[in-house]
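Coordinate inspection notes
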Amino acid sequence: MPAEDDRTATGPTARDAISAPDAEGRPRRVTRRFPLFTRDTARPEGGGRAAPGDAPAPARQWPMLVVLSAVALGLLLTALDVFRYGTLLIGAALLAGAALRWALPGVGMLAVRSRFTDIVTYGVLGLAIVLLAMTVQPNPWLSIPFLKDVLHFTLTK
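Quick notes on the rules
Residues numbered from 1 in each chain as written. Predicted model: local features only at pLDDT ≥ 70, side-chain atom pairs only at ≥ 80, totals over all residues. Heavy atoms only, no water. Helix = DSSP H or I, 4+ residues; strand = E, 2+ residues; numbered from the N terminus. Contact = heavy atoms within 4.5 Å. Phe/Tyr/Trp six-rings, centres within 6.5 Å; stacked < 30°, edge-to-face > 60°. Lys NZ or Arg CZ within 6 Å of the ring centre and 35° of its normal. Core = buried A, V, L, I, M, F, W, Y, C linked by side-chain atoms within 4.5 Å. Buried < 20%, exposed > 50% of the residue type's maximum accessible area, 1.4 Å probe, protein only. Patch = residues over 30% accessible without salt bridge, like charges linked within 9 Å, V, L, I, M, F, W, Y side chains within 5 Å. Areas by Shrake-Rupley, 256 points an atom, 1.4 Å probe, with all protein chains shown as cover. Salt bridge = Lys/Arg side-chain N within 4 Å of Asp/Glu carboxyl O. Axes fitted to C-alpha atoms, helices over the stretch in contact; angles between N-to-C directions. Parallel < 35°, antiparallel > 145°, perpendicular 65-115°, else oblique. Nonpolar A, V, L, I, M, F, W, Y, C, P; charged D, E, K, R; others polar.

Observations concerning the overall build of the protein
Per the secondary structure count, the protein includes six helices and two strands. When its helices and strands are written in sequence order, the protein yields α-β-β-α-α-α-α-α. Residue pairs in contact within the protein that sit at least 24 positions apart in sequence constitute 49% of those at least 6 positions apart.

A short note on unusual backbone geometry
Phi at D81 is positive, roughly 70°, even though this residue is not glycine. Among the structural elements, D81 can be located in the loop between helix 3 (62-79) and helix 4 (83-103).

Side note on the packing of aromatic side chains
Under the defined criterion, the tally for this structure stands at one aromatic pair. A cation sits over an aromatic face here: R84 above W141, 4.9 Å from the ring centre.

Points about the nonpolar core
Counting 11 residues, the largest nonpolar core consists of V67, A70, V71, A93, L94, A98, L100, V107, L110, A111 and Y122. Secondary-structure elements contributing two or more residues to this core are helix 3 and helix 4.

Some words on the environment of T87
Along the chain, T87 falls in helix 4. A relative accessible area of 12% places T87 in the buried class. For the pair formed by T87 and G74, sequence separation is 13 residues and the distance between their alpha carbons is 6.0 Å. Ignoring sequence-local partners within four residues, the contact set of T87 consists of T78, I129 and A133.

Considering the environment of Q137
Structurally, Q137 can be placed in the loop between helix 5 (115-135) and helix 6 (145-155). A relative accessible area of 59% places Q137 in the exposed class. Linking Q137 and R84, residues 53 residues apart in sequence, is a C-alpha distance of 9.6 Å.

Examining a nonpolar patch on the surface
On the surface, L73, L76 and L80 cluster together to form a nonpolar patch covering roughly 300 Å² of accessible area. Inspection of the secondary structure assignment puts L80 in the loop between helix 3 and helix 4.

Points about the packing of helix 3 against helix 4
Where helix 3 meets helix 4, the closest approach of the two axes is 7 Å, and the angle between their N-to-C directions is 170°. The angle between helix 3 and helix 4 falls in the class roughly antiparallel. Here helix 3 contributes W62, P63, V67, A70, V71, L73, G74, L75, L77 and T78 to the contact with helix 4, which in turn contributes F83, Y85, G86, T87, L89, I90, A93, G97 and L100. Of the residues that constitute the contact of helix 3 with helix 4, the class distribution is 14 nonpolar, five polar and no charged.

Brief notes about the pattern of salt bridges
Summed over the entire model, instances satisfying the criterion amount to two salt bridges. In this structure, D118 and R101 form a salt bridge, with 2.8 Å as the shortest nitrogen-oxygen distance. Here D118, found in helix 5, pairs with R101, found in helix 4; they are 17 residues apart in sequence, far enough to count as distant. No difference in accessibility class separates D118 from R101, as the two residues are buried.

Honestly, that's just the spatial picture; any functional story needs more than this.
This is the structure:
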């Protein structure tokens, strides 16, 4: 009887609610369902360093710093009342982020989701900002005829 007590006291235990020990005592999944609480997340593809690990921190994240610097300069231009050029620069920075995400295998913190999702997100937002900057009044650089009709349709009685 004491041998059974020793076995149960030091026997294998389950680490979480969805794992159970196998015959050798290693925890294994007993269900194909995903756990209720995740303990870790996978890095997005391309989320590794953009430079070797012995490089200084700014050099490892140069793609993100390029995009953030261009956005910061665009915000500064917008604050200095050069609205059109500032917003064009912000949109161009997002388009550059999409191009960097597409062209480079590792872009550091610029990789947030999967490569496809990042490219589409950066590209659509950058294109929308550029188009809006080009159509802003007064004296728009780009005239889209149906936008005026949509505006009048939505704002009139």
